[in-house]
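# Secondary and tertiary structure notes
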Amino acid sequence: MAKERDDLTGIEIELLLEGVARVYGYDFTGYAEASLRRRMLQWLANSPFSSFAEAQSRLLREPPLFEELLRGLTVNVSEMFRDPWVFRAIRELVVPHLKTYPFVKVWVAGCSTGEEAYSLAILLREEGLAGHYRIYATDLNPYVLEKAKEGVLPLREMRRYTGNYQKSGGRSSFSDYYTAGYDRALLDPSLREEIVFASHNLGVDAAFGEMQLVLCRNVLIYFKQQLKGRVLTLLDSCVPPGGFLCLGTKETLDGYPQGPHYQEVEPQTRIYRKRYD
């Protein structure tokens, strides 16, 4: 009986996602089934509906309700200078090469609420590239992009973020980059001047053009193999020879057609430099 209920739930999820793709243009069929199902069940548990079948009609007719579902389906977990050893490697091993360009373009794909983009802005400013770079920060979810543009972080996280910043090789005091007020921290608005936030769907949209550095960290782990391949092809098309592609620490180019064309600049960082073939 439990298996029958699970099978029925699976069918309801499949039908709902098909409707979402047709009505709103968001295709989640390439997402890893286990994590997608888990997030959908969590959304359902917090909704007024008893089943996905009951929710489907209203979801497809009421965009605000779909917005709530979209927030639940997209993974919006980020932090300033996450995996600080990776940012230290960018600072020490990548930036010296970036300095050889008159102007540097960086793409942060799947930027979520923007912490990674702001971290890079701080790093590049400290390394003397202010005014000589542009960061394109994109995400599927337009609602988290609006939050990213605000540059407001929970004040309770500042101690942890300060530790990350210091471990990443920060050259100043992290408190110089934000203003505290009540329970929030407002990032220095000047950091925003070098960042362009834009909606972009890695599953269907085109590339942004040539980028000297592309970061797509902790995004591929939520995709099925076919979609991973599509995304890697897209990212690779933006990276010129000598450019850099940075994935999440649990992601790799091993086993993909792009793998032989890149070399990891330091073990376990998942920062790859494209070979001059």
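Residues numbered from 1 in each chain as written. Predicted model: local features only at pLDDT ≥ 70, side-chain atom pairs only at ≥ 80, totals over all residues. Heavy atoms only, no water.

### Remarks on the packing of helix H2 (residues 33–45) against helix H4 (residues 63–73)
Between H2 and H4, the least distance of the axes is 9 Å, while the angle of their chain directions is 135°. Compared by their axis directions, H2 and H4 come out oblique. Judged by the sense of rotation from one axis to the other, the crossing of H2 with H4 is right-handed. Where H2 abuts H4, its residues Leu36, Arg39, Met40 and Trp43 lie against Glu68, Leu69, Gly72 and Leu73. Split by residue class, the contact of H2 with H4 holds five nonpolar, one polar and two charged. (Axes fitted to C-alpha atoms, helices over the stretch in contact; angles between N-to-C directions. Helix = DSSP H or I, 4+ residues; strand = E, 2+ residues; numbered from the N terminus. Parallel < 35°, antiparallel > 145°, perpendicular 65-115°, else oblique. Left-handed = near helix turned anticlockwise from the far one by under 90°. Contact = heavy atoms within 4.5 Å. Nonpolar A, V, L, I, M, F, W, Y, C, P; charged D, E, K, R; others polar.)

### As for the pattern of salt bridges
Pairing is possible between side chains that carry opposite charge, provided their charged atoms lie close to one another. Enumeration over the complete set of coordinates arrives at 14 salt bridges. In this structure, Arg58 and Glu62 form a salt bridge, with 3.0 Å as the shortest nitrogen-oxygen distance. The network of salt bridges with common partners includes Arg91, Glu126, Glu127 and Arg171. (Salt bridge = Lys/Arg side-chain N within 4 Å of Asp/Glu carboxyl O.)

### Some points on the sheet that holds strand E5 (residues 184–187)
Taken together, three strands build an open sheet; the order of strands is E3-E5-E4 and the sheet is antiparallel. The open sheet has two edge strands, strand E3 (152–154) and strand E4 (178–181), and neither has a second partner. Taken over all neighbouring pairs, the strand axes of this sheet differ in orientation by 30° on average, direction set aside. (Pairing = 2+ DSSP bridges.)

### Structural notes on the state of the cysteines
Applying the stated rule across the entire model yields zero disulfides. In this model Cys216 remains outside any disulfide bridge; the closest cysteine sulfur is found in Cys246, 9.7 Å from its own. With no disulfide of its own, Cys238 lies closest to Cys216 among cysteine sulfurs, the gap being 11 Å. (Disulfide = S-S within 2.5 Å.)

### Quick look at the layout of surface pockets
Roughly 560 Å³ of internal volume is contained in the largest pocket. Lining the largest pocket are 34 residues, and of these Tyr31, Gly110, Val219, Tyr222 and Phe223 sit closest to its centre. Each of domain 1 (2–73) and domain 2 (84–274) contributes no fewer than three residues to the lining of the largest pocket. Along its surface, the second largest pocket is lined by 13 residues, and Ile13, Glu14, Leu17, Glu33 and Leu36 are the ones closest to its centre. Elements with a minimum of two residues in the lining of the second largest pocket: helix H1 (2–24) and H2. Split by residue class, the lining of the second largest pocket holds six nonpolar, two polar and five charged. (1 Å grid on protein atoms, 1.4 Å probe; cavity = no way out; pocket = protein on both sides within 12 Å on 5 of 7 lines; lining within 4 Å. Points joined across faces, edges and corners; volume = space filled by probe spheres on them. Domains from an automatic or database assignment.)

### With respect to the domain arrangement of the protein
You'll often see interface size given as the accessible area lost when the parts meet. Once the domains are mapped, the protein shows domain 1 (2–73) and domain 2 (84–274). The C-alpha-based centres of domain 1 and domain 2 are spaced at 30 Å. Domain 1 puts 13 residues into the contact, and the matching count from domain 2 is nine residues. Between domain 1 and domain 2, a total of about 1,000 Å² is buried, with carbon and sulfur atoms accounting for 60% of that surface. Summed over the three residues of domain 1 that lose the most area to domain 2, namely Tyr26, Gly30 and Tyr31, the buried surface amounts to 39% of that side. Linking domain 1 with domain 2 are one salt bridge. Note that Lys224 is salt-bridged to Glu33, the shortest N-O span being 3.2 Å. (Buried area = accessible area lost by both parts, 1.4 Å probe.)

### A few points about helix H6 (residues 115–126)
With 12 residues, H6 ought to run about 16 Å at 1.5 Å a step, and its terminal C-alpha atoms sit 17 Å apart, in line with that. Among the 12 residues that make up H6, 11 are buried, leaving the element largely enclosed by the rest of the structure. Inspection of H6 places Glu115, Glu116, Ala117, Tyr118, Ser119, Leu120, Ala121, Ile122, Leu123, Leu124 and Glu126 among the buried residues, and these make up the whole buried set. Two residues or fewer past H6, Gly128 is found with a positive phi of approximately 85°. (Expected span 1.5 Å × (residues − 1). Buried < 20%, exposed > 50% of the residue type's maximum accessible area, 1.4 Å probe, protein only.)

### Details of unusual backbone geometry
The phi angle at Asp83 is positive, at roughly 55°, despite the residue not being glycine. Inspection of the secondary structure puts Asp83 in the loop between H4 and helix H5 (84–98). Within the chain, Ser112 stands out as a residue other than glycine whose phi angle is a positive 55°. Counting through the fold element by element, Ser112 comes out in the loop between strand E1 (104–109) and H6. When its relative accessible area of 3% is taken as the criterion, Ser112 is described as buried.

### Regarding the pairing of strand E2 (residues 133–139)
Along E2, five of the seven residues are buried, which leaves the element largely enclosed by surrounding structure. Note: E1 against E2, six bridges, orientation parallel. Opposite Val104, over in E2, you have Tyr133 as the bridge partner. Assessed by its sense of winding, the connection that carries the chain from E1 through H6 to E2 is right-handed. Here E2 runs beside strand E6 (residues 195–199); their pairing, made up of five bridges, is parallel. Considered in E6, the bridge of Asp139 is made with Ser199. (Right-handed = clockwise from strand over helix to strand, strands pointing away.)

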